[in-house]
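# Report on the structure
Chain by chain, the residues run as shown.
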Amino acid sequence: MAILKLEDGTIYTQINDISRELEPLNVKLNYWPVGENSETHNLLAKDVLSDDEKEQLLQSLDNYFEELKESAGYQSRDLVAIHPEIPNLDAMLSKFDKCHTHADDEVRYIVAGEGIFGFVRPDNSQVELTVQPQEYINVPANTEHWFYLTEKKMVKAVRYFVSTEGWVPHYTGTEICFNK
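Predicted model only: the values in this text are computed from it and were never measured. (Residues numbered from 1 in each chain as written. Predicted model: local features only at pLDDT ≥ 70, side-chain atom pairs only at ≥ 80, totals over all residues. Heavy atoms only, no water.)

Here the focus is the pattern of salt bridges. Going through the model one piece at a time under the given rule, you end up with eleven salt bridges. Across the pair Arg 77 and Asp 62 runs a salt bridge, and its minimum N-O distance is 3.0 Å. Remark: Asp 62 occurs in helix 4 (residues 62-72) and Arg 77 occurs in strand 4 (residues 76-82); sequence separation between them is 15 residues. The same class applies to Arg 77 as to Asp 62, namely buried. Between Glu 106 and Arg 108 there is a salt bridge, with the nearest N and O atoms lying 2.9 Å from each other. Here Glu 106 and Arg 108 have matching classes, each one buried. Here the salt bridges do not stand alone but share partners, grouping Asp 17, Arg 20, Glu 21 and Arg 121 into one network. (Salt bridge = Lys/Arg side-chain N within 4 Å of Asp/Glu carboxyl O. Helix = DSSP H or I, 4+ residues; strand = E, 2+ residues; numbered from the N terminus. Buried < 20%, exposed > 50% of the residue type's maximum accessible area, 1.4 Å probe, protein only.)

Listed below in structure tokens is the structure:
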């Protein structure tokens, strides 16, 4: 269940409340079940996945990819599996924990673990959204945001692309008011 935190400390956990708060940004949040396939759940429970296992997991979830290809023109997808033992993990993640935008939508389907997206709203207030397993998020192009992992530093996320070039971060220099 997603958790939205406002600057004043207000916390929302109901999807309707979260959607209302994110509406000015056009950020979309949905619940997408991973299903009951035992092999899918076995793969989700592993920290480290081989390339073959990643592809197997992606294929088990491709019904969502097919929908996105038809409805929004998505061309490719990949699976990111992050865990604390990845060498230079903090350096890798530091590219995303500053305010930035992208030329394309940033679309993720969190299938295991969790991550935090922060957003600068049109009134310059900020919010942070903890996205958890079986939640899909679409951050529209040019939306000022940041991303970091929770203390567990574990997430498996399917990323959907119209083109990978559009995901290059363009840093804005906006100071983040939340403590990470």
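The next point concerns the packing of helix 2 (residues 38-45) against helix 3 (residues 51-60). Running from N to C, helix 2 and helix 3 point in directions that differ by 130°, and their axes come no closer than 10 Å. Regarding the angle of helix 2 to helix 3, the classification is oblique. Between helix 2 and helix 3 the crossing geometry is left-handed. Here Glu 39, Thr 40, Leu 43 and Leu 44 of helix 2 lie close against helix 3, whose contacting residues are Glu 53, Gln 56, Leu 57 and Ser 60. Its residues assigned to classes, the contact of helix 2 with helix 3 shows three nonpolar, three polar and two charged. (Axes fitted to C-alpha atoms, helices over the stretch in contact; angles between N-to-C directions. Parallel < 35°, antiparallel > 145°, perpendicular 65-115°, else oblique. Left-handed = near helix turned anticlockwise from the far one by under 90°. Contact = heavy atoms within 4.5 Å. Nonpolar A, V, L, I, M, F, W, Y, C, P; charged D, E, K, R; others polar.)

The subject of this paragraph is the nonpolar core. Counting 24 residues, the largest nonpolar core has Leu 4, Ile 18, Leu 22, Phe 117, Phe 119, Leu 129 and Ile 137 as the members making the most contacts within it. Residue assignment for this core shows that the elements contributing at least two residues are strand 1 (3-6), helix 1 (15-22), helix 5 (89-93), strand 7 (115-120), strand 8 (126-131), strand 9 (135-139), strand 10 (145-149) and strand 11 (155-161). It is strand 8 that provides the largest number of residues to this core, a total of three residues. Core analysis: the second largest hydrophobic core is formed by 20 residues, Leu 44, Tyr 74, Leu 79 and Val 111 among them. (Core = buried A, V, L, I, M, F, W, Y, C linked by side-chain atoms within 4.5 Å.)

Summed over the entire model, instances satisfying the criterion amount to eight aromatic pairs. Between Trp 32 and Tyr 136, the aromatic rings sit 4.0 Å apart at their centres with planes inclined by 20°, giving stacked as the arrangement. A residue pair is termed long-range when its members are at least 10 positions apart, and Trp 32 in the loop between strand 3 (28-31) and helix 2 and Tyr 136 in strand 9 qualify at 104 residues. The two residues Trp 32 and Tyr 136 agree in class, both being buried. Between the aromatic rings of Phe 65 and Tyr 160, the centroid separation amounts to 6.0 Å while the plane-to-plane angle is 20°, which identifies the pairing as stacked. Taken together, the residues Phe 65 in helix 4 and Tyr 160 in strand 11 connect sequence positions 95 residues apart. Residue Phe 65 shares its accessibility class with Tyr 160, and that shared class is buried. These aromatic residues form a ring-pair network of at least three members: Trp 32, Tyr 64, Phe 65, Tyr 109, Tyr 136 and Tyr 160. The lysine or arginine in question, Arg 20, covers the ring of Tyr 12, its NZ or CZ lying 5.4 Å from the ring centre. Over the aromatic face of Phe 147 sits the side chain of Arg 108, whose NZ or CZ is 4.3 Å from the ring centroid. (Phe/Tyr/Trp six-rings, centres within 6.5 Å; stacked < 30°, edge-to-face > 60°. Lys NZ or Arg CZ within 6 Å of the ring centre and 35° of its normal.)

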